[in-house]
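Per-entry structural report
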Amino acid sequence: MSLSVLFLTAVGLAMDAFAVAICKGLSVQKAKLSHMTITGLYFGIFQAAMPLIGYFVGRQFKQYVEAVDHWIAFVLLGLIGINMIREALSKDDEEECNASFGFKAMFPMAIATSIDALAVGITYAFLPDVKIAPAVAFIGIVTFALSFIGVKIGNIFGTKFKSKAELSGGVILILIGLKILLEHIGVINF
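**A few points about the overall build of the protein**
A tally of regular secondary structure across the protein gives 6 helices and 0 strands. Counting helices and strands in the order they occur from the N terminus, the protein gives α-α-α-α-α-α. Its C-alpha radius of gyration of 17 Å places the protein within 12% of the 16 Å reference for a compact globule of 190 residues. Expressed along its principal axes, the backbone C-alpha trace of the protein runs to roughly 55 × 30 × 25 Å.

As structure tokens, this is what we get:
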């Protein structure tokens with residue numbers, strides 16, 4: 001997997017965490033370094049751990065699905081992307097953000113924003129050129145950085161970027177899924 005595809009995947013996955021980090025920034029009077037660091041660590045660690053778990057789960061089933069692995073990757077990434085786009089375009093009122101940065105507030109949000117990463121980890125198990133340790137470390141670092149910055153952006157600019165982040169992340173993941181499918185069936189070769 002090329003560095004550019006890994007980077008785009010990491011950014012795409014981090015968009016949910018970035019959107020929630022913006023919301024966390026809205027919830028406080030002044031974003032402190034501790035708020036930014038806590039948010040970055042929770043989201044970064046979970047975004048790194050979930051694809052690792054997904055990878056090992058996927059490896060257990062790889063031999064049974066190798067003939068259709070490219071379709072699985074395409075469908076999983078497409079569904080995740082479509083869901084992110086749907087959420088970004090939803091006219092529902094935005095949920096209230098909890099101003100707490102404690103375990104009870106951050107843990108459920110970290111899990112919720114990293115479920116997509118679990119599915120991507122399963123996809124990685126079917127791709128021959130993925131080095132999982134560097135990939136999950138990179139995903140975690142990108143998510144940490146975007147979440148860290150997201151708290152500050154939310155505190156300064158409000159919700160202006162939240163839906164745009166989710167929309168961008170969804171489009172990126174759909175395009176990566178399409179690229180995997182087209183490469184496997186021989187239409188393109190990057």
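**A few points about the packing of helix 2 (residues 33-65) against helix 5 (residues 132-157)**
Orientation of helix 2 relative to helix 5, taken along the N-to-C sense of each, is 150 degrees, at an axis distance of 7 Å. Relative to helix 5, helix 2 is oriented roughly antiparallel. Crossing angle aside, the handedness with which helix 2 passes helix 5 is right-handed. Grouping the amino acids of the contact of helix 2 with helix 5 by side-chain chemistry returns 14 nonpolar, 9 polar and 1 charged.

**Re a nonpolar patch on the surface**
The grouping of Leu89, Leu167, Val171, Leu175 and Leu178 at the surface amounts to a nonpolar patch, some 400 Å² of accessible area in total. Among the elements that take part in the nonpolar patch, helix 6 (residues 162-184) stands out by supplying 4 residues, more than any other. Mapped onto the elements of the fold, Leu89 is located in helix 3 (residues 69-89).

**Considerations on the packing of aromatic side chains**
In this description, a pair of aromatic rings is defined by centroid distance and the angle of the planes. One pass over the full model with this rule turns up 6 aromatic pairs. Among the aromatic residues, those joined into a ring-pair cluster are Phe46, Phe103 and Phe107. Lying over the aromatic face of Phe101, Lys24 brings its terminal NZ or CZ to 4.6 Å of the ring centre.

**Quick notes on the environment of Phe138**
Topologically, Phe138 is positioned in helix 5. Residues Phe138 and Ala48, 90 residues apart in the sequence, show an inter-C-alpha distance of 7.9 Å. Not counting chain neighbours up to four residues away, the residues in contact with Phe138 comprise Leu3, Leu6, Phe7 and Ala10.

**A few points about the packing of helix 1 (residues 3-26) against helix 2**
Interaxial distance between helix 1 and helix 2 falls to 11 Å at its minimum, and their mutual angle equals 155 degrees. Taken as axis vectors, helix 1 and helix 2 run roughly antiparallel relative to one another. As for how helix 1 packs across helix 2, the hand of that crossing is right-handed. Taken together, the residues of helix 2 that come into contact with helix 1 (itself represented by Leu13, Ala14, Ala17, Val20 and Ala21) are Thr39, Phe43 and Gln47. Of the residues that constitute the contact of helix 1 with helix 2, the class distribution is 6 nonpolar, 2 polar and no charged.

**Quick word on the pattern of salt bridges**
Counted by the stated rule, this structure contains 1 salt bridge. Here Lys179 ties to Glu183 by a salt bridge, and the two come within 2.7 Å at their closest N and O atoms. Here Lys179 and its partner Glu183 are both found in helix 6, 4 residues apart, which amounts to about one turn of the helix.

**A few points about the environment of Met84**
As for its position among the elements, Met84 is in helix 3. Met84 sits in the buried class, given a relative accessible area of 1%. Spatially, the C-alpha atoms of Met84 and Asp116 are 9.7 Å apart, while their sequence positions differ by 32 residues. Excluding residues that lie within four positions of it along the chain, Met84 makes contacts with Gly12, Met15, Asp16, Asp116, Glu166, Gly169, Gly170 and Leu173.

Reading guide: rules and limits
Residues numbered from 1 in each chain as written. Predicted model: local features only at pLDDT ≥ 70, side-chain atom pairs only at ≥ 80, totals over all residues. Heavy atoms only, no water. Helix = DSSP H or I, 4+ residues; strand = E, 2+ residues; numbered from the N terminus. Rg over C-alpha atoms; globule rule 2.2 N^0.38 Å. Axes fitted to C-alpha atoms, helices over the stretch in contact; angles between N-to-C directions. Parallel < 35°, antiparallel > 145°, perpendicular 65-115°, else oblique. Left-handed = near helix turned anticlockwise from the far one by under 90°. Nonpolar A, V, L, I, M, F, W, Y, C, P; charged D, E, K, R; others polar. Patch = residues over 30% accessible without salt bridge, like charges linked within 9 Å, V, L, I, M, F, W, Y side chains within 5 Å. Areas by Shrake-Rupley, 256 points an atom, 1.4 Å probe, with all protein chains shown as cover. Salt bridge = Lys/Arg side-chain N within 4 Å of Asp/Glu carboxyl O. Phe/Tyr/Trp six-rings, centres within 6.5 Å; stacked < 30°, edge-to-face > 60°. Lys NZ or Arg CZ within 6 Å of the ring centre and 35° of its normal. Contact = heavy atoms within 4.5 Å. Buried < 20%, exposed > 50% of the residue type's maximum accessible area, 1.4 Å probe, protein only.

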